[in-house]
Each structure stands twice: as structure tokens, then as C-alpha cells.
Amino acid sequence: MRRNIKHILAASLAVLATALLTTAMVFAAETSGARPAFGPTVKTYKGDKCVEDTDYMRRNHMKVILHQRDETMHRGIRTQKHSLKNCVDCHADPKTNSVLGKDGFCESCHVYTSVSIDCFTCHTAAPEKNGQPPKAADPAGLKEKMRTSAVMGTINGNQP
Amino acid sequence: MSLSRREFIGIGGAAVAGMALVPGLRLVELARARSPEEAATRLQRWGLLVDIGKCHDCNACVTACHEENGVTSHGRPATDAQWIRKVELKDKLTGYVETLPVMCQHCAEPPCVDVCPTGASFKRIDGIVLVDKHICIGCRYCMMACPYKARSFVHEKTTNQKPHAPRGMGTVESCTLCVHRVDAGRIPACVEACTKDGNKAMVFGDLKDPNSEINKQLASAPTTQLRPDLNLNTGVRYRGV
């Protein structure tokens, strides 16, 4: 009987150790900048912050652009701040020139959460040509920010 | 006339004070362009005048429009979208041929708006008739209702759209009078191209402004609407049809 308890204890310790090791590896992968094994890749390529708080935008970006869409279409109000064009200009990957694709800002998250995205059947997913920042201005890619872990926290249910 | 330094400063100061004291109230419109946060108003009604006498065998307006709005051909003329087209009129007795560009006529009483079941086809307050593709279901009633055949259905998947001109399969589209340009205080691409590369046959302007170039030209010589019998009060007028 005593031996049995020892066995169980040893087995559970081994399981715990494995779990810890796996977590550590995932964290290491994230901090070193490599793509994590799962989850969306959410990057910003231009500017330091979004037009609204990140938390607000995660929940309400669709409402923001829906409101702006009607203002622009029906009333001719063309402010840049909440326009889809502005989203694309900042978030498009300079390599693919798009917010779509496997690692695209919009598509990676929408695929992960299984929410269909209809904007780009009509709208272009590429930024305006003259709106693109010169590549030489940011040679080391210092402004590029990886926010993967923060977003994954939200998606995994840590809603405040 | 020369101004002394003192007079110049005095006039300048008065002008600045005048603008600061009565914001929103201006005796003279300072600029035609609205700021981006200002909505379109009923103080304007945008229109076009095409002088057929000057319009010859030239396609500059069509090319410029389709370039500006990213309207590309799939090589299938029967189903390709066209926002503006050149129509040829031939006098069978004399053999005289004239051509004219036909696009959305931006009617004051648009039949396409009357028949639209979803409200996608609408007239903006400044007279520009548009399709809100977000709520267009692609039923094509508007295409049937339009006496000018100005609208097209997008049959195929679209790529490489312009950021200012979204286009998508399953929706109806037509000339927007280059609304993105008009909102920025510019003239439509067709008019720009006609003036630059064509025969200077098109004039764009505000039909409600008595001093606008288009109104002066409308008042100076006879013009007509296409199908005036329909009483649609079109925003696009023609001279010499």
C-alpha cells in the first residue's frame, strides 16, 4: 500500500515537471520573437499606439468601423481616425502589403476566433501607396511590436 | 494700388478678428472644399455639363474613370462592369456621327432609389446617387429601373481595388461622380481627363451656386437632359445632342 502511494507521487511529480517544462518552452519561444505554436499573430507596423485604447479596440473595433462606414457612405464625413483605410494603413504587413494572410493582422485573429471577415471581399487589404512609410526610416524594425501574448491572454478568457 | 505697412496690418487684423468673432458665419465662402469632419449639405447639388459639339472620337473620360476607380475588365464585355461608356449616335439621313459619354445621370428623382428594396440605392443630400454596397443584396432592380443603363452588376471576384473605391462581387455599382474626390474639393476623374487630354467638353460644378461655371454655361445656351420626358431632373446635362 505504502509503495503504491510512492508510485503515484512519483508519477504526478513527473507529470508536473513535464507541464512546467512545456510552459517554459512556450514562453521562451514567445520572448525570443518566434511564432508561437498556436494563436494569432498580432503585430503593428506603424505608429506607437492605436486610435483608441487597445482593450477598447479588441472588443469594439467592429462597432467603430461600422459607425464610421455609415457616416462616410451616407453623410460624406471622411475623417481618418476611425476609417478602415486607417486600420489597413497601420496594420498591413510591409512584406505581404496586406492585413490578410496567415500572419496578417486581421485574418490571423479572425481565423483563430472563427469569425468570418467580410470587409475585404470589397475593400482592398493593401494600404494606400503614398501612405506607406519609407522603409529606410526604420532599419532595425524597432517600432515593430509583438503583442501576441497580451492578445492571447484576452482570447483565453482573462476578460477583466 | 500700394498699401502702407500700417494699412496692411490693419486690414489683416480686421480679417482675422472677423473670422474669430463669428465662427461658422462667413459672408464669402472662403474655400469650396469641406473639411473631412463636415457632412455634405443640401446647399450644393453637384452636376455635369457635357458639350457634345466638342466631344469627339476620344476615350479619355472612360479610361480615366476606370483607372481612378479600379474598374478592370475580365475580357468579357457582356458582363464587365462599366461606370461610363461612349455612346455613338448616327443621323441616318446625313450619316453624321456624334459620340457622347453616358454615366449615372444623378437624377433628382432617381428611379433606382424608388425600387431598391433595402435602401442600398440612395441619393446623398448633395444630389449624388450612390449604392451602399454594405446593404446591397444584388437583386438588380435598380439596373432594370434605370433608363440610362448606367448601373453594372459585379459578376466576378474583384481584386486590386482602390482604397477609396471598394468593389465586390454580388453588388451593383455605378458612377459615384467621384464622390471621394468631390468630398476633398476636387473634380471627377473624367472631367479632369477631358480637360487635360480630351477635348474640354465637360464642366463639373454646383448647380445651386448661381456663380458657378456650370450654371453660367447652362444659362448661356440651350442644353438638354437625356430623356427629359421622364421628368427625372438629371444632374448631368448635355449640349448639342
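Remember, it's a predicted structure, so these values are computed and weren't measured experimentally. Numbering of residues starts from 1 in each chain and follows the order in which that chain's sequence is written. Each chain gets a letter, beginning with A, and each ligand a number, beginning with 1, in the order they are written. The predicted nature of this model means local features are confined to residues of pLDDT at least 70 and side-chain atom pairs, given and counted, to a pLDDT of 80 or more, with totals for whole chains, interfaces and linings taken over all residues.

Right, let's get into the overall build of chain A. A count of helical and extended segments in chain A gives six helices and two strands. In this scheme the burial state of a residue depends on its C-beta neighbours within 10 Å: 20 or more other such atoms mean buried, 12 or fewer mean exposed, and anything in between means partly exposed; the C-beta positions come from the backbone. Considering chain A as a whole, with its 160 residues, one finds that 20% of them fall into the buried category. Note that contacts rest on C-beta atoms placed from the backbone: two residues are in contact if these are within 7 Å. The long-range share in chain A, meaning contacts at least 24 apart out of those at least 6 apart in sequence, stands at 62%. Helix numbering and strand numbering both begin at the N terminus, where a helix is a DSSP run of H or I of at least 4 residues and a strand a DSSP run of E of at least 2.

The next thing to look at is the overall build of chain B. Within chain B, the secondary structure is distributed over seven helices and nine strands. Put simply, chain B has 241 residues, and 37% of those count as buried. For chain B, the proportion of contacts with a sequence separation of at least 24, taken over those separated by at least 6, is 61%.

We now examine the interface of chain B and chain A. Counting residues at the interface gives 17 residues for chain B and 15 residues for chain A. Here the residues of the side of chain B that touches chain A sort into seven nonpolar, three polar and seven charged. Charged means Asp, Glu, Lys or Arg here, nonpolar means Ala, Val, Leu, Ile, Met, Phe, Trp, Tyr, Cys or Pro, and polar covers whatever is left, Gly included.

Looking now at the nonpolar core. The term nonpolar core means buried Ala, Val, Leu, Ile, Met, Phe, Trp, Tyr and Cys residues held together as one set by C-beta atoms within 7 Å. Membership of the largest hydrophobic core comes to 49 residues, with the highest contact counts inside it found for V50, C61, C190, C194 and M202 of chain B. When residues of this core are traced back to their parent elements, those giving at least two are β1 (46–51), α2 (60–68), β5 (129–131), α5 (179–183), α6 (189–196), β8 (202–206) and β9 (236–239) of chain B. In terms of residues, this core owes the most to one element, α6 of chain B, which gives five residues. Counting residues in each nonpolar core, the second largest holds 13 residues, with L84, C87, V88 and A126 of chain A among its members.

So, on to the confidence of the model for chain B. pLDDT gives the predictor's per-residue confidence on a scale running from 0 to 100. Residues at a pLDDT of 70 or more form 87% of chain B, whose mean pLDDT is 90. The ipTM for the predicted assembly is 0.80, set against a pTM of 0.74.

Working note: regular strand, side chains alternate between the two faces of the sheet. Residue and element names in this part refer to chain B. Residues V236 and Y238 point to one face of β9 and R237 and R239 to the other, with burial holding for every one of them. Pairing between strands is defined by DSSP: at least two bridges between the two strands are required. Alignment of β1 against β9, held across four bridges, turns out to be parallel. For L48, the partnering residue across the bridge sits in β9 and is V236.

Moving on to helix α4 (residues 105–113) of chain A. Residues three or four positions apart in an α-helix share a direction because the helix packs 3.6 residues into each turn. Residue and element names in this part refer to chain A. Turning to α4, its buried residues are F105, C106 and S108. Tucked inside the fold, the buried residues of α4 contact β1 (43–44) and α3 (84–91). S114 sits one or two positions beyond α4 and adopts a positive phi of about 60 degrees.

For the rest of this paragraph, the subject is the confidence of the model for chain A. Residue and element names in this part refer to chain A. For chain A, per-residue confidence averages 72 on the pLDDT scale, and 58% of positions sit at 70 or higher. Segment residues 24–34 is flagged for pLDDT under 50; beyond a separation of four residues in sequence, or across chains, it makes eight contacts in the model. Contacts of residues 131–160 to residues separated by more than four positions or lying in other chains number 26 contacts, the stretch itself having pLDDT below 50.

Once that is clear, we can look at the sheet that holds β9 of chain B. Residue and element names in this part refer to chain B. Pairing in this open sheet of three strands is mixed, and the strands run β8-β1-β9 from one edge to the other. A strand with exactly one partner marks an edge of an open sheet, and here the two such strands are β8 and β9. On average, each strand axis in the sheet is inclined to that of its neighbour by 20 degrees, with strand direction left out of account. Inspection of the sheet shows β1 paired to β8 by five bridges, in the antiparallel sense. Paired with L48 across the two strands is F204, which belongs to β8. In this analysis, axes come from line fits to C-alpha atoms, helices being fitted only over the stretch in contact, and the angle between any two N-to-C directions falls in the range 0 to 180 degrees.

Turning next to the packing of α2 of chain B against α6 of chain B. What describes two packed helices is the angle between their axes and the distance between those same axes. Residue and element names in this part refer to chain B. Viewed as axis vectors pointing N to C, α2 and α6 meet at an angle of 140 degrees, and their least axial separation amounts to 8 Å. Here α2 lies oblique to α6, going by the angle between them. Here α2 and α6 pass one another in a crossing that is right-handed. Contact residues: A60, C61, A64, C65 and E68 in α2; A189, C190, E192, A193 and C194 in α6. The residue makeup of the contact of α2 with α6, split by class, is eight nonpolar, no polar and two charged. When describing relative orientation, an angle under 35 degrees is termed roughly parallel and one over 145 degrees roughly antiparallel, while 65 to 115 degrees is termed roughly perpendicular and anything else oblique. By the definition used in this description, the sense in which the near helix is turned from the far one sets the handedness, with an anticlockwise turn below a right angle giving left-handed and a clockwise turn giving right-handed.

On to helix α2 (residues 54–75) of chain A, then. Where α2 of chain A bends most, the angle comes to about 75 degrees, and this point is N60 of chain A. One or two residues past the end of α2 of chain A sits G76 of chain A, with phi positive at roughly 75 degrees. The bend at a residue is defined as the angle formed between two axes, one fitted to the seven residues ending at that residue and one fitted to the seven starting there.

Quick look at unusual backbone geometry now. Notably, C178 of chain B is not glycine yet its phi reads approximately 50 degrees, a positive angle. The topology assignment puts C178 of chain B in the loop between β7 (172–173) and α5.

What follows deals with the environment of H155 of chain B. All names here are of chain B. For H155, the position within the fold is in the loop between β6 (152–153) and β7. Taking the C-beta count within 10 Å as the criterion, H155 has 14 such neighbours and is therefore assigned partly exposed. Distance from H155 to A81, taken between C-alpha atoms, is 8.3 Å for residues 74 residues apart in sequence.

Our next topic: the environment of V182 of chain B. Within the secondary structure, V182 of chain B is located in helix α5. If sequence neighbours within four positions are ignored, V182 of chain B has contacts with W46 and L177 of chain B.

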